[in-house]
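# Structural description and commentary
The lines below spell out each chain.
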There are 2 protein chains.
Amino acid sequence: MANDLRAMVERLKAVSHPLRLRVLALLGAGELCVCQVAEVLQVPQSSVSEALRELRRAGFVNERKEGRWVFVSVVPQTGASPLLEGILAEAVSLVEVHQDRERAVEVKLLSIPMVCCKVQKAAKAEVIRV
Amino acid sequence: MANDLRAMVERLKAVSHPLRLRVLALLGAGELCVCQVAEVLQVPQSSVSEALRELRRAGFVNERKEGRWVFVSVVPQTGASPLLEGILAEAVSLVEVHQDRERAVEVKLLSIPMVCCKVQKAAKAEVIRV
DNA sequence: ATGATATATCGGAAATTACCGAAATATTAA
DNA sequence: TTAATATTTCGGTAATTTCCGATATATCAT
């Protein structure tokens, strides 16, 4: 990615969004698959997918395919990006981020990813049925 | 300002904009008045004013009134904002920012601020006349 | 007072972005 | 194969943001 002002603005835009910043901050605590992120944050999976696309475009996250799952993580910190460091450092002090990370631990203990999308769909159906 | 995720997103939005990021990075090299910023960056003065309003709202810049001039500067770095530090650290490596800062030195040597708005208006009139 | 300069706000059309359900694609299991 | 699950892309309206000229306000000089 070009090292010019426009490119930096695009990177900033990528995190100037509640969901995208939440996702990045969540991944700061460790790798997750897309469906786990959706389950932790309780948002539509398509929204998570779109958020991750932007974060990838901005060079903040990597992906790793494993079967039908896509695991995403923050790019390794080589000290090459003061911006990313600053964002993560500031984000970890936010209560929402702390809560999301606690919830991620629960989700992982519940032997998800195998069932998390299923869980989301069931929950949605429940809402409709009631 | 509240220390929640929404507030951090608002701060990020404030710099997710070419002009606003340029202004912040320019002020990182030292205090200037509004008209000097407009002269250095060669943009309408109202645009600079609006950019500064957002940067002030985000808590990135301070203002100091002196007569009819408003001098603006980056808030003192107390290490309390890793985000601001990261933004400035990343911005100083951009060629555009380097050029803007060099131009700021010229503008200050030309005994501006007293005449910089006048200069801008004259330049605009010139364009219209030709 | 009048004029000149600096700054802020306003208007409002154009461009951009957000949002999420639905549909498409991919991989695995039975 | 068919079914189930995970992910991405699409559609399309609503909401937001951008941009800058014009206008308003403030301060200083004469």
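Small disclaimer: the values here were computed from a predicted structure and weren't measured. (Residues numbered from 1 in each chain as written. Chains lettered and ligands numbered in written order. Predicted model: local features only at pLDDT ≥ 70, side-chain atom pairs only at ≥ 80, totals over all residues. Heavy atoms only, no water.)

### Here we look at the relation of the copies chain A and chain B
Note on the identical chains: chain A maps onto chain B by a rotation of 180° and an axial translation of 0.0 Å, with an RMSD of 0.0 Å. In symmetry terms, the pair is related by a two-fold rotation axis. Rotation axis and chain A: the residue whose C-alpha lies nearest the axis is Gly86 of chain A, separated from it by 2.3 Å. Both copies contact each other with a shared surface, as 100% of the interface residues of chain A are interface residues in chain B too. (Least-squares fit on C-alpha atoms with pLDDT ≥ 70 in both. Contact = heavy atoms within 4.5 Å.)

### So, the pattern of salt bridges
When the charged atoms of two side chains with opposite charge come close together, those side chains can pair. In total, this model carries 16 salt bridges over all chains according to the counting rule given. The residue Arg11 of chain A makes a salt bridge to Glu90 of chain B at a minimum N-O spacing of 3.3 Å. You can see Arg11 of chain A sitting in helix H1 (residues 5-15) and its partner Glu90 of chain B sitting in helix H5 (residues 82-91), one on each of two chains. Residue Arg11 of chain A is classed as buried on the basis of its relative accessible area, which comes to 12%. On the basis of relative accessible area, Glu90 of chain B is assigned to the buried category, the value being 12%. A salt bridge links Asp100 of chain A to Arg22 of chain A; its shortest N-O distance comes to 2.8 Å. In this pair, Asp100 of chain A sits in helix H6 (residues 95-109) while Arg22 of chain A sits in helix H2 (residues 18-27), placing the two residues 78 residues apart along the sequence. Overall, the relative accessible area of 7% leaves Asp100 of chain A in the buried class. (Salt bridge = Lys/Arg side-chain N within 4 Å of Asp/Glu carboxyl O. Helix = DSSP H or I, 4+ residues; strand = E, 2+ residues; numbered from the N terminus. Buried < 20%, exposed > 50% of the residue type's maximum accessible area, 1.4 Å probe, protein only.)

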